[in-house]
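Breakdown of the fold
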Amino acid sequence: MLTAFVGAHVSGGGLEKWWQQDDNPAAERAPSSAPPMDSVRCAATERRMLSSPPFGLRASRWRYTCQPKTAARRHSLSLSKMSVYGPVVKIHPVVLASICDSYERRNEGASRVIGTLLGTIDKHSIEVTNCFSVPHNESEDEVAVDMEFAKNMYDLHKRVSPTEVIIGWYATGFDITEHSVLIHEYYSREATNPIHLTMDTALQSGKMSIRAYVSAQMGVPGKTVGVMFTPLTVKYVYYDTERIGVDLLQRTRVLPNRTKGLTSDLSQVGGSAARVQDMLTTMLAYIDDVLSGKVAADNSVGRFLMDLVNKVPTISAEDFENMLNSNINDLLMVTYLSNLTQAQIALNEKLVLL
Amino acid sequence: WPDLKDGTWSVVLLKIIKHYQEEGQGSEVVQGVLLGLVVEDRLEITNCFPFPQHTEDDADFDEVQYQMEMMRSLRHVNIDHLHVGWYQSTYYGSFVSRALLDSQFSYQHAIEESVVLIYDPIKTAQGSLSLKAYRLTPKLMEICKEKDFTPEGLKKANIGFEHMFEEVPILIKNSHLINALMWDLEDKSTVADKHELLNLSSSNHLEKSLQLLMDRVDDMSQDIVKYNTYSRNQSKQQQQKHQYVQRRQQENTQRQSRGEPPLPEEDTSKMFKPPQPPPRMDTLLIAGQINNYCQNVKEFTSQNLGKLFMAEALQGHN
């Protein structure tokens, strides 16, 4: 069973690499829902999994479905349990943008860039909040990484945010190469169980696939030991303010020349209202379809709609008028005061200059 | 002057946001350095790095050294290592201070095109990114160079609080790769769209802004009182001097009529020391700050009025 894994990684050619299916963060399937496959041998399971439509394969599923029934099971179980953190890696968009940026600035002739990932480790998840690139040289038979530089940069970063620790490293490119194993080894010295993040900046599969891996030892104990990279689920987390920043950036991507100025004032409210209006039109179209019978009615959607309509609070018209007026009065008063203050300081200035 | 166009804004923007989020929760300002290039008539900002906070137990921390090392390391990975400015976070818009002025002056003196980016996290959390770029006007640069902050000096330069800082428009530009990343993120991200901008609550924010405004106005009035006493003292002194000279002259004529030698003309300026004119720079800064607060408040109220009218329209259907 364990040797089967070895075959999967090293040969690489025949078997479709199961770890390269897209991680679907929305598919939060609990491990208990995975069909019990204890009685099946691993090789067969592998084949079955590969033939079924690939959707949301996760590390935990792999663990559950390929438990060999022999005494080696305990060994492999403990191995897998101890080498994989709770399978969630949370990435902040800063990290991804930095990686893209350093890829764009890579030296001539370098096909990929690597760097260190910084972040915090929780009991069940790893949060990646920062990164910096490390210069390295890669050729056919050797890899050279500037370790001095990496240590230096880490020290500098530590001064600013002392809570961040090295949690792994990243590399651009689609695949995991043999060199990655060596680099990973180096990083295992720096951090316990480092994670490896790959980001496909060359857009080989038409998408920028972002994946995270943890390494696990495998092989027959006593003889040659290999390293396998098991995938982890990747999630994107944002702080509130980050979310708003990313929203703004998203809006630049639809403009032809990719530039945008920052709007201010009432136009922002207008823009936000326009977006809500768009959403409402989509909903109305859906409702029309359901009414005319084109689309089957869905109860849960209906319930959401009812919630939405009921959210507008029913207040008597008079009360609402009062509230509205008092609010408007407050705002107008404040506007008047601030205008007054501005006039006052302008006057004061002129008097002084007399 | 130039507008700011940025090559890899997403990196800069996200880094600044992250820096404040992680380190600046205690209403301390967070600061950092902006790196980039000057291209024709534009200033491109391509990267930034944060400055650690000043803590007491870090007394021997060498800022310059940190900066030098950081820039050297960044140069190794081909990141632009030219200083083009600095950024700072602000609390409700209160950033017009002596410290800011000094820092910006030293930056602008060394690098002509440098700007200071002011990031307002509270306003951003309310729904719209608040990031502004400022430079000192040439007039203000002149004054800072001379260090002449007396009323006469300022009068000569004819500078008002509105001419202290000039705002530089910001344009956001992303490379194609980052665009691809954005599309990907949109696809995979499960965080819901935030609509804080349409939030109706306003009293909290208004209260705090007005509080700060009141403090500033108090400072201002104190300053005005000081200036008034100064000018009153000055005029009183003038009068005294005048009287003294007159008395002297009278005595002299009397003495002449009596045939005695006249008393020597004494140097009046040494007898009456002129009062010290109060420095006007602080007043200018306070006025600028008040102006800023008022602008922010007005912007906020206009947005809220719009929202209130929308709510009215919504209610009208019920």
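Only a predicted model underlies this, so the values are computations on that prediction, with no experimental measurement involved.

1. Structural notes on the overall build of chain A
Scanning chain A from terminus to terminus reveals eleven helices and ten strands. In chain A, buried positions account for 43% of the 354 residues. Entry remark: accessible area of chain A is about 18800 Å², with carbon and sulfur atoms responsible for 57%.

2. What about the packing of aromatic side chains?
All names here are of chain B. Evaluated as defined, the whole model comprises seven aromatic pairs over all chains. Geometrically, the ring pair formed by Phe49 and Tyr66 is edge-to-face, given 6.2 Å between the ring centres and 70 degrees between the ring planes. Here Phe49, found in strand E3 (residues 42–50), pairs with Tyr66, found in helix H2 (residues 63–76); they are 17 residues apart in sequence, far enough to count as distant. Judged by relative accessible area, Phe49 falls into the buried class, the value being 2%.

3. A word on the nonpolar core
Residues Phe49, Leu101, Leu140 and Phe165 of chain B are the most contacted members of the largest nonpolar core, which totals 60 residues. Sorting elements by how many residues they give to this core places helix H10 (residues 281–316) of chain B first, with eight residues. Ignoring anything within four residues of it in the chain, the contact list for Phe165 of chain B reads Val96, Leu100, Leu101, Tyr134, Arg135, Leu136 and Thr137 of chain B. Membership of the second largest hydrophobic core comes to 59 residues, among which are Cys131 and Leu248 of chain A together with Leu34 and Ile178 of chain B.

4. Observations regarding the state of the cysteines
This model, assessed by the stated rule, comprises zero disulfides over all chains. For the unlinked cysteine Cys100 of chain A, the closest cysteine sulfur is that of Cys131 of chain A, found at 10 Å. Exposure remark for Cys100 of chain A: the relative accessible area of 0% places this residue in the buried category. Considering cysteine sulfurs only, Cys131 of chain A is the nearest to Cys48 of chain B, which forms no disulfide, with 12 Å between them.

5. Quick look at the packing of helix H11 (residues 317–352) of chain A against H10 of chain B
Two elements in contact, H11 of chain A and H10 of chain B, have axes whose closest approach is 9 Å; the angle formed by their N-to-C orientations is 160 degrees. Between H11 of chain A and H10 of chain B, the angle falls in the class roughly antiparallel. Between H11 of chain A and H10 of chain B the crossing geometry is left-handed. Tallied by class, residues from the contact of H11 of chain A with H10 of chain B come to 16 nonpolar, eleven polar and four charged.

6. What to know about a nonpolar patch on the surface
Where nonpolar side chains cluster on the molecular surface, the patch consists of Met333, Tyr336, Leu337 and Leu340 of chain A and spans about 410 Å² of accessible area. The topology assignment puts Met333 of chain A in helix H11.

7. Describing the pairing of strand E2 (residues 114–121) of chain A
All names here are of chain A. Buried residues dominate E2, accounting for six of its eight residues. Here E2 pairs with strand E3 (residues 125–134) via eight bridges, running antiparallel. Among the inter-strand pairings, Thr116 is bridged to a residue of E3, identified as Phe132. Between the end of E2 and the start of E3, which pair antiparallel, lie three residues. Of the pairings in the sheet, the one linking E2 to strand E6 (residues 165–172) comprises six bridges and is antiparallel in character. Considered in E6, the bridge of Ile114 is made with Ala171.

8. Section: the interface of chain B and chain A
The interface of chain B with chain A comprises 104 residues on the first partner and 90 residues on the second. With both chains or domains summed, chain B and chain A bury close to 8900 Å², and 65% of this area falls on carbon and sulfur atoms. The tally of links between chain B and chain A comes to four residue pairs in polar contact (both at pLDDT 80 or more). For the side of chain B that touches chain A, the per-class residue count stands at 52 nonpolar, 31 polar and 21 charged.

9. Quick look at the packing of helix H8 (residues 203–258) of chain B against H10 of chain B
Residues and elements named next belong to chain B. Running from N to C, H8 and H10 cross one another at 155 degrees; their axes reach a closest spacing of 10 Å. For the element pair H8 / H10, the angle class is roughly antiparallel. In this structure, H8 crosses over H10, and the sense of that crossing is left-handed. When H8 is examined against H10, the residues His205, Leu206, Ser209, Leu212, Leu213, Arg216, Val217, Asp219, Met220 and Asp223 are found in contact with a partner set consisting of Asp282, Thr283, Ile286, Ala287, Gln289, Ile290, Tyr293, Cys294, Val297, Phe300 and Thr301.

10. Concerning helix H9 (residues 266–291) of chain A
The end-to-end C-alpha distance of H9 of chain A, which contains 26 residues, comes to 37 Å, matching closely the 38 Å that a straight helix rising 1.5 Å per residue would cover. Listing the buried residues of H9 of chain A in full gives Gln268, Val269 and Ser272 of chain A. On the buried face of H9 of chain A, the contacting elements are H10 of chain B. Of the residues trailing H9 of chain A, Gly293 of chain A is marked for its positive phi of about 90 degrees.

What counts and how
Residues numbered from 1 in each chain as written. Chains lettered and ligands numbered in written order. Predicted model: local features only at pLDDT ≥ 70, side-chain atom pairs only at ≥ 80, totals over all residues. Heavy atoms only, no water. Helix = DSSP H or I, 4+ residues; strand = E, 2+ residues; numbered from the N terminus. Buried < 20%, exposed > 50% of the residue type's maximum accessible area, 1.4 Å probe, protein only. Areas by Shrake-Rupley, 256 points an atom, 1.4 Å probe, with all protein chains shown as cover. Phe/Tyr/Trp six-rings, centres within 6.5 Å; stacked < 30°, edge-to-face > 60°. Core = buried A, V, L, I, M, F, W, Y, C linked by side-chain atoms within 4.5 Å. Contact = heavy atoms within 4.5 Å. Disulfide = S-S within 2.5 Å. Axes fitted to C-alpha atoms, helices over the stretch in contact; angles between N-to-C directions. Parallel < 35°, antiparallel > 145°, perpendicular 65-115°, else oblique. Left-handed = near helix turned anticlockwise from the far one by under 90°. Nonpolar A, V, L, I, M, F, W, Y, C, P; charged D, E, K, R; others polar. Patch = residues over 30% accessible without salt bridge, like charges linked within 9 Å, V, L, I, M, F, W, Y side chains within 5 Å. Salt bridge = Lys/Arg side-chain N within 4 Å of Asp/Glu carboxyl O. Pairing = 2+ DSSP bridges. Buried area = accessible area lost by both parts, 1.4 Å probe. Polar contact = N/O pair within 3.5 Å; in protein donor to acceptor, adjacent residues only side chain to side chain. Expected span 1.5 Å × (residues − 1).

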